[in-house]
Amino acid sequence: DGGITQSPKYLFRKEGQNVTLSCEQNLNHDAMYWYRQDPGQGLRLIYYSQIVNDFQKGDIAEGYSVSREKKESFPLTVTSAQKNPTAFYLCASQDSHNSPLHFGNGTRLTVT
Amino acid sequence: EDQVTQSPEALRLQEGESSSLNCSYTVSGLRGLFWYRQDPGKGPEFLFTLYSAGEEKEKERLKATLTKKESFLHITAPKPEDSATYLCAVQPGGGSYIPTFGRGTSLIVHP
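Because the structure is a prediction, the values reported are computed rather than measured.

### Points about the nonpolar core
As a rule of thumb, nonpolar side chains are buried together in soluble globular proteins. One finds B:L33, B:W35, B:L73 and B:Y86 to be the most contacted residues of the largest nonpolar core, which totals 22 residues. Contributions of two or more residues to this core are made by strand 2 (10-14), strand 3 (19-26), strand 4 (30-38), strand 5 (45-50), strand 7 (62-66), strand 8 (70-75), strand 9 (84-92) and strand 11 (105-110) of chain B. Not counting residues up to four positions away in its chain, the partners in contact with B:L33 are B:C23, B:Y25, B:F48, B:T49, B:L50, B:L66, B:S71, B:C88, B:A89 and B:V90. Counting residues in hydrophobic clusters, the runner-up holds 20 residues, among them A:V19, A:W34, A:I46 and A:C91.

What follows is the structure, given as C-alpha cells:
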C-alpha cells in the first residue's frame, strides 16, 4: 500500500543533542512538508520541498534543518538551537497543488 | 496573508445530536478547501476537497459545504466513533501553493 512512513513513533533525547526524524513516501509525490503540532496551536509549517534538491523555510524554521536528496525521503533534523523541541512532528506529501496532503502518523519528540 | 479560523474550538454532543463546524477563511484565490479528521496521536486523515462556492460533498454522516467566505462540516446523528479533531485547510492560488491550516475543532460525542 502506498503511504507515508514516519519513524520512530516516539523519540526521547537529552537537551543539547541533535536528532533526525525520518519521513519516507512511496506515493511518487513531488512536494513534501514538515509540520509541528502543539496543543491549541494547530499545524505550523517548518520546511517544505517542491522538488528534489530544493527546499524552503516555513514559518518556524529556526533550529531545524532538512535535506531532499531523494524524491522519497525528507528527513528533519532538530538541532540543539531549537529552544522548545518537545512536540508532535508531522510529515506530509502532496501530488499536485489541487490535491490534499497525505500525512504520516507523526513522531512525538520529547527533549529533557 | 491567508487566514483560516475554525469554530468552535471544542464541541460536545450527545449521540444523535446533529451540529455543524465552521471554517472561515481569507485567501488570495482559492485553489481548494480541505477537511481532515485527526484522531489522538495520529496524523490527519483526508475527508473532503471543495473547489468552488456552492459545492457540497458527503460521506456517511458528514457533509461539507462551501461559500465564498466559509465552509461548514455538518454532522448528522453523530456516533461516539465520530469523536476526533476536525481540521480545515485552504490552498491558495497565485504564486503561493502552501496550504494554511486552522487550529481545528475538537469534537466529543457522548453515548
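### Concerning the layout of surface pockets
When its volume is computed, the largest pocket comes out at roughly 1100 Å³. As for the largest pocket, its lining consists of 42 residues, of which A:Q41, A:G42, A:L43, B:G102 and B:R103 are closest to the centre. Going through the elements one at a time, strand 4 (31-38), strand 5 (42-51) and strand 9 (87-94) of chain A together with strand 1 (3-7), strand 9, strand 10 (100-101) and strand 11 of chain B are the ones with two or more residues in the lining of the largest pocket. No other element matches strand 5 of chain A, which puts five residues into the lining of the largest pocket. A per-class count over the lining of the largest pocket returns 14 nonpolar, 18 polar and ten charged.

### Observations regarding the state of the cysteines
All names here are of chain A. Applying the stated criterion across every chain yields a total of two disulfides over all chains. Paired by a disulfide, C23 and C91 hold their sulfur atoms 1.9 Å apart. Across the S-S bond linking C23 and C91, the dihedral sits near -75°, which makes this disulfide left-handed. Of this pair, C23 sits in strand 3 (residues 19-25) while C91 sits in strand 9, placing them 68 residues apart in sequence.

### Some words on the interface of chain A and chain B
Between chain A and chain B, the contact holds 22 residues from the first and 19 residues from the second. Overall, the association of chain A and chain B removes approximately 1600 Å² of surface from exposure, summing both partners, and the carbon and sulfur fraction of that is 58%. The three residues of chain A that bury the most area against chain B are A:H97, A:N98 and A:P100, which together make up 31% of that side's buried surface. Taken together, the links from chain A to chain B amount to zero salt bridges. Inspection of the chain A/chain B interface yields seven residue pairs in polar contact (both at pLDDT 80 or more). For the side of chain A that touches chain B, the secondary structure elements donating two or more residues are strand 4, strand 5, strand 9 and strand 10 (101-103) of chain A.

Procedures and definitions
Position labels on residues start from 1 in each chain and follow its written sequence. Key to labels: chains lettered from A, ligands numbered from 1, both in the order written. Selection of residues for local features in this predicted model requires a pLDDT of at least 70, selection of side-chain atom pairs for listing and counting requires 80 or more, and totals for whole chains, interfaces and linings are taken over all residues. Only hydrogens and water are set aside; all other atoms, that is, all heavy atoms of the structure, feed into the side-chain values. In this description, a nonpolar core means a group of buried Ala, Val, Leu, Ile, Met, Phe, Trp, Tyr and Cys residues linked to one another through side-chain atoms lying within 4.5 Å. When a residue's accessible area, from a 1.4 Å probe over protein chains only, is under 20% of the maximum for its type it is buried; when over 50% it is exposed; and in between it is partly exposed. Strands here are runs of E lasting at least two residues and helices are runs of H or I lasting at least four, both read from the DSSP assignment and numbered beginning at the N terminus. Note on contacts: a residue pair is in contact if any heavy atoms of the two residues lie within 4.5 Å. The method works on a 1 Å grid over the protein atoms by themselves. A cavity is a set of points holding a 1.4 Å probe that cannot get out, a pocket is an open set with protein on both sides within 12 Å along at least five of seven lines, and residues with an atom within 4 Å of a point line them. Grid points are joined across faces, edges and corners, and a volume is the space filled by probe spheres set on the points. Amino acid classes used here: Ala, Val, Leu, Ile, Met, Phe, Trp, Tyr, Cys and Pro are nonpolar; Asp, Glu, Lys and Arg are charged; the rest, including Gly, are polar. The disulfide definition used here is simple: a pair of cysteine sulfur atoms within 2.5 Å. Accessible surface is computed with a 1.4 Å probe, and the buried area is the amount of it that two parts give up when combined, taken over both parts together. Counted as salt bridges are all cases of a side-chain nitrogen of Lys or Arg within 4 Å of a carboxyl oxygen of Asp or Glu. As used in this structure description, the phrase polar contact means that two N or O atoms lie within 3.5 Å; if the pair is within protein, one of them must be able to donate a hydrogen and the other to accept it, and residues adjacent in sequence are counted only when both atoms belong to side chains.

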